[in-house]
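# Structure assessment
Chain by chain, the residues run as shown.
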2 protein chains.
Amino acid sequence: MQSVPLQQFLDDLASAAPTPGGGGAAAIMGAMGAALVSMVANLTIGKKGYEGVEAEMKAQLAVSEALRARLTAMVADDVAAFNQLMGAYRLPKDTDDQKTLRSAAIQEGLKQATRVPLACVKLCVEAIQVAQRSAEHGNLNVISDTGAGVLALQAAMRSAALNVYINTPSIKDPFFVASVSQELEALLAGNLPLTEAVYAKVRSRMG
Amino acid sequence: MQSVPLQQFLDDLASAAPTPGGGGAAAIMGAMGAALVSMVANLTIGKKGYEGVEAEMKAQLAVSEALRARLTAMVADDVAAFNQLMGAYRLPKDTDDQKTLRSAAIQEGLKQATRVPLACVKLCVEAIQVAQRSAEHGNLNVISDTGAGVLALQAAMRSAALNVYINTPSIKDPFFVASVSQELEALLAGNLPLTEAVYAKVRSRMG
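Here the structure is a predicted model, which means the values were calculated and not measured.

Looking now at the overall build of chain A. Per the secondary structure count, chain A includes six helices and zero strands. Along the chain direction, N to C, the helices and strands of chain A fall in the order α-α-α-α-α-α. Dimensions of chain A, computed from C-alpha atoms along their principal axes, come out at roughly 75 × 35 × 25 Å. Sorting the 207 residues of chain A into buried and exposed places 53% on the buried side. Of the accessible surface of chain A, which amounts to about 8,200 Å², a share of 56% is contributed by carbon and sulfur atoms. Between the averaged position of the 18 positive side-chain charges in chain A and that of its 19 negative side-chain charges there is a distance of 3 Å.

Before going further, it helps to spend a moment on the interface of chain B and chain A. Opposite the 55 residues of chain B that make contact, chain A presents 55 residues. Taken together, both faces of the contact between chain B and chain A bury some 4,500 Å²; the carbon and sulfur share is 68%. Viewed at the interface, chain A and chain B are joined by four salt bridges. In this structure, A:E196 engages B:R158 in a salt bridge whose closest nitrogen and oxygen atoms are separated by 2.9 Å. Scanning the region where chain B abuts chain A turns up 14 residue pairs in polar contact (both at pLDDT 80 or more). Counting residues per element, the ones that place at least two in the side of chain B that touches chain A are α1 (6–14), α2 (22–42), α3 (54–89), α5 (143–165) and α6 (174–205) of chain B. Per element, the largest residue contribution to the side of chain B that touches chain A is 14 residues, and it comes from α5(B). Partitioning the side of chain B that touches chain A into residue classes produces 33 nonpolar, 15 polar and seven charged.

Bringing the relation of the copies chain B and chain A into the picture now. Aligned on chain A, chain B shows an RMSD of 0.0 Å; the corresponding rotation is 180° and the shift along the axis is 0.0 Å. What the rotation and shift describe, once combined, is the action of a two-fold rotation axis. Nearest to the rotation axis, the C-alpha of B:P5 is located 1.9 Å from it, this being the minimum over chain B. When you check the interface residues of chain B against chain A, 100% turn up at the interface there too, and the contact is symmetric in its surfaces.

Let us now look at the nonpolar core. Ranked by size, the top nonpolar core spans 135 residues in total, and within it A:M32 and B:M32 carry the most contacts. Beyond its immediate stretch of four places on either side in the chain, A:M32 contacts B:F9, B:L10, B:L13, B:A25, B:I28, B:M29 and B:M32. In this structure, A:I45, A:Y50, A:V53 and A:M57 belong to the second largest nonpolar core, which totals six residues.

Summed over the entire model, instances satisfying the criterion amount to zero aromatic pairs over all chains. When the ring centre of B:Y199 is taken as reference, the NZ or CZ atom of A:R158 above it lies at 4.4 Å.

Here the focus is the pattern of salt bridges. Following the criterion strictly, the structure yields 14 salt bridges over all chains and no others. Between A:D11 and B:R68 there is a salt bridge; the shortest N-O distance is 2.9 Å. Here A:D11, found in helix α1 (residues 6–14), pairs with B:R68, found in helix α3, and the two come from separate chains. Owing to a relative accessible area of 30%, A:D11 belongs among the partly exposed residues under this scheme.

Residue and element names in this part refer to chain B. The topology assignment puts N139 in the loop between α4 (96–137) and α5. You can call N139 buried: its relative accessible area is 6%. Of the polar contacts made by the side chain of N139, one reaches the backbone oxygen of L43; its length is 2.7 Å. With near-sequence residues (within four places) excluded, N139 lies in contact with V40, L43, T44, K47 and Y50.

Turning our eyes to something else, we now look at the confidence of the model for chain A. Here chain A averages 97 in pLDDT, while 100% of its residues score no lower than 70. Listed scores for the predicted complex are pTM 0.97 and ipTM 0.97.

Now for the side chain of B:D78. Residue and element names in this part refer to chain B. Mapped onto the fold, D78 is located in helix α3. Of the buried charged residues, D78 lacks a salt bridge, with R115 as the closest side chain of opposite charge at 13 Å. In contact with D78, other than residues within four places in its own chain, are G23, G24 and V116.

The next thing to look at is α1(A). Within the sequence span of α1(A), burial applies to A:L6, A:F9, A:L10, A:L13 and A:A14. Along the axis of α1(A), the buried positions cluster into a sector of 130°, meaning they face one direction only. In this structure, the buried side of α1(A) is in contact with α2 (22–42) of chain A together with α1, α2 and α3 of chain B.

For the rest of this paragraph, the subject is the environment of A:A156. All names here are of chain A. Its place among the elements puts A156 in helix α5 (residues 143–165). A relative accessible area of 0% means that A156 is categorised as buried. C-alpha separation for the pair A156 and L36, spaced 120 residues apart in sequence, amounts to 14 Å. Apart from residues lying up to four places away in sequence, A156 is in contact with A26, M29, G30 and C124.

Per the stated rule, a full pass over the model turns up zero disulfides over all chains. The closest cysteine sulfur to the non-disulfide-bonded A:C120 is located on A:C124, 4.4 Å from its own sulfur.

With that settled, consider the packing of α3(B) against α4(B). Residue and element names in this part refer to chain B. Where α3 contacts α4, the axes come no closer than 9 Å and their chain directions differ by 165°. Considering their axes alone, α3 and α4 lie roughly antiparallel with respect to each other. Taken as a pair, α3 and α4 cross one another with a handedness that is left-handed.

Conventions adopted
- Positions within a chain are numbered from 1, following the residues in the order the chain's sequence is written.
- Each chain gets a letter, beginning with A, and each ligand a number, beginning with 1, in the order they are written.
- In keeping with the predicted nature of the model, local features appear solely for residues at pLDDT of at least 70, side-chain atom pairs appear and are counted solely at 80 or more, and the whole-chain, interface and lining totals rest on all residues.
- Based on all heavy atoms of the structure, the side-chain values leave hydrogens and waters out of the count.
- Helix and strand assignments come from DSSP, with helices taken as H or I runs of at least 4 residues and strands as E runs of at least 2, each series counted from the N terminus.
- In this scheme, a residue with accessible area under 20% of its type's maximum is buried, one over 50% is exposed, and one in between is partly exposed, where area comes from a 1.4 Å probe on protein chains only.
- What sets the accessible areas is the Shrake-Rupley method with a 1.4 Å probe; for residues, cover comes only from the shown protein chains.
- His residues and chain termini do not enter the charge count, which takes Lys and Arg as positive and Asp and Glu as negative.
- Positions of charges follow a simple convention, taking NZ of Lys, CZ of Arg, CG of Asp or CD of Glu.
- By definition in these notes, contact holds between two residues if any of their heavy atoms fall within 4.5 Å.
- Take the accessible area each of two parts loses on contact, using a 1.4 Å probe, and add the two losses: that sum is the buried area.
- Salt bridge, as used here, is a side-chain nitrogen of Lys or Arg placed within 4 Å of a carboxyl oxygen of Asp or Glu.
- Residues adjacent in sequence count toward polar contacts only when both atoms are side-chain atoms; beyond that, a polar contact is any pair of N or O atoms within 3.5 Å, and within protein one must be able to donate a hydrogen and the other to accept it.
- Polar here means any residue outside two lists: the nonpolar Ala, Val, Leu, Ile, Met, Phe, Trp, Tyr, Cys and Pro, and the charged Asp, Glu, Lys and Arg; Gly therefore counts as polar.
- A least-squares superposition brings the copies together, and it is based on the C-alpha atoms of residues with pLDDT no lower than 70 in both.
- What is meant by a nonpolar core is a set of buried Ala, Val, Leu, Ile, Met, Phe, Trp, Tyr and Cys residues, joined one to another through side-chain atoms within 4.5 Å.
- Each pair of aromatic rings taken from Phe, Tyr and Trp, with Trp reduced to its six-membered ring, is defined by centres within 6.5 Å and is described as stacked if the planes are under 30 degrees apart, edge-to-face if over 60, and tilted in the remaining cases.
- Here, a charge over a ring is recorded when the distance from Lys NZ or Arg CZ to the ring centre is within 6 Å and its angle to the ring normal is within 35 degrees.
- Residue-level confidence of the predictor is summarised by pLDDT, bounded by 0 at the bottom and 100 at the top.
- Throughout, the arc means the angular range of directions from the helix axis out to the C-beta atoms.
- The rule for a disulfide is simple: a pair of cysteine sulfur atoms within 2.5 Å.
- For helices, the fitted axis covers only the stretch in contact; all axes are lines through C-alpha atoms, and the angles between them, taken along N-to-C directions, range from 0 to 180 degrees.
- The labels follow the angle: roughly parallel below 35 degrees, roughly antiparallel above 145, roughly perpendicular from 65 to 115, and oblique for the rest.
- Crossing handedness: left-handed means the near helix sits turned counterclockwise from the far one by under a right angle, and right-handed means the same turn made clockwise.

Dropping the structure here:
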């Protein structure tokens, strides 16, 4: 997926093909957000007036680059989860045994299609926390890039959450659903306001 | 730009190179949002139960695809505006005449670096209005993709706005600044709440 030209990725996203869709778009928006946080670190390290935050920026850069790699790779995880679920729906359902097996495979497919976007939300949360420090200490000349980064991460986190919401109503394991829902809502409650606080910090530092 | 592999685009975004930056990321997020709206139209047209909205979806698809093309092309406009401004800063400033010329070129460069993101905001607003109808009438099976689309457009619109905000304080033409600021704030005031209304509509249709 990462080797396709940008134009082709956008064409595939727009097409009637089911993947890439919102889940893959969430992962790429997250990767773009992490990339912008990395850019700001790269443009702060070695710059006059920012000697005091150089060590911090180098540490941040290592984290944001690792998160970017994981978010980019998640596009493939999203496709794999979708294909697993579609494969389960296509299983034979002629006998009772087949019906039982198919139903179990669909349920496992739905769980996997929920775990992947939940993992995406978690990576976005980690990147948002790096963006927070970037907004406080990063190079003022590129502070708007930190702002664009945190907005991309916010959209990625909320889009990934939608991909959890669309699958959980079909999952019959109430413990799995409760666990995923509680974890997701706690992550959103803790970090959606943080994205707005980082955005407000960016605006205040723009003068 | 559109022919670069997706991975290369992300690497370039993360690098110390000043472009692509937040402005280019805004344009690509907008293009991703328009692409997701197109995807939902493509997966609604011809589907059983959606015969009544088929003509509307075909019309929407034409609009979202045209917006996607314009948003994708805007990455190059953002790079061109940045290069124009940097070129102006590099002009000679040894004589008074040179200083006057350089200052005028910088002011024109700053204006262009403001016009491009304002145009990006306007394209996002058009796409958000298409997403609104998609959320109301699009295929319920892919309603989360409409949601991801409107969140991408919201992030794109706000990121482009940041690229206006970072340039206007340096522009000395008060009429230009007032005109741009009034237009931008009116667009945001009218359409940021709309993005949240579309998101809420998506959530309500997910059941």
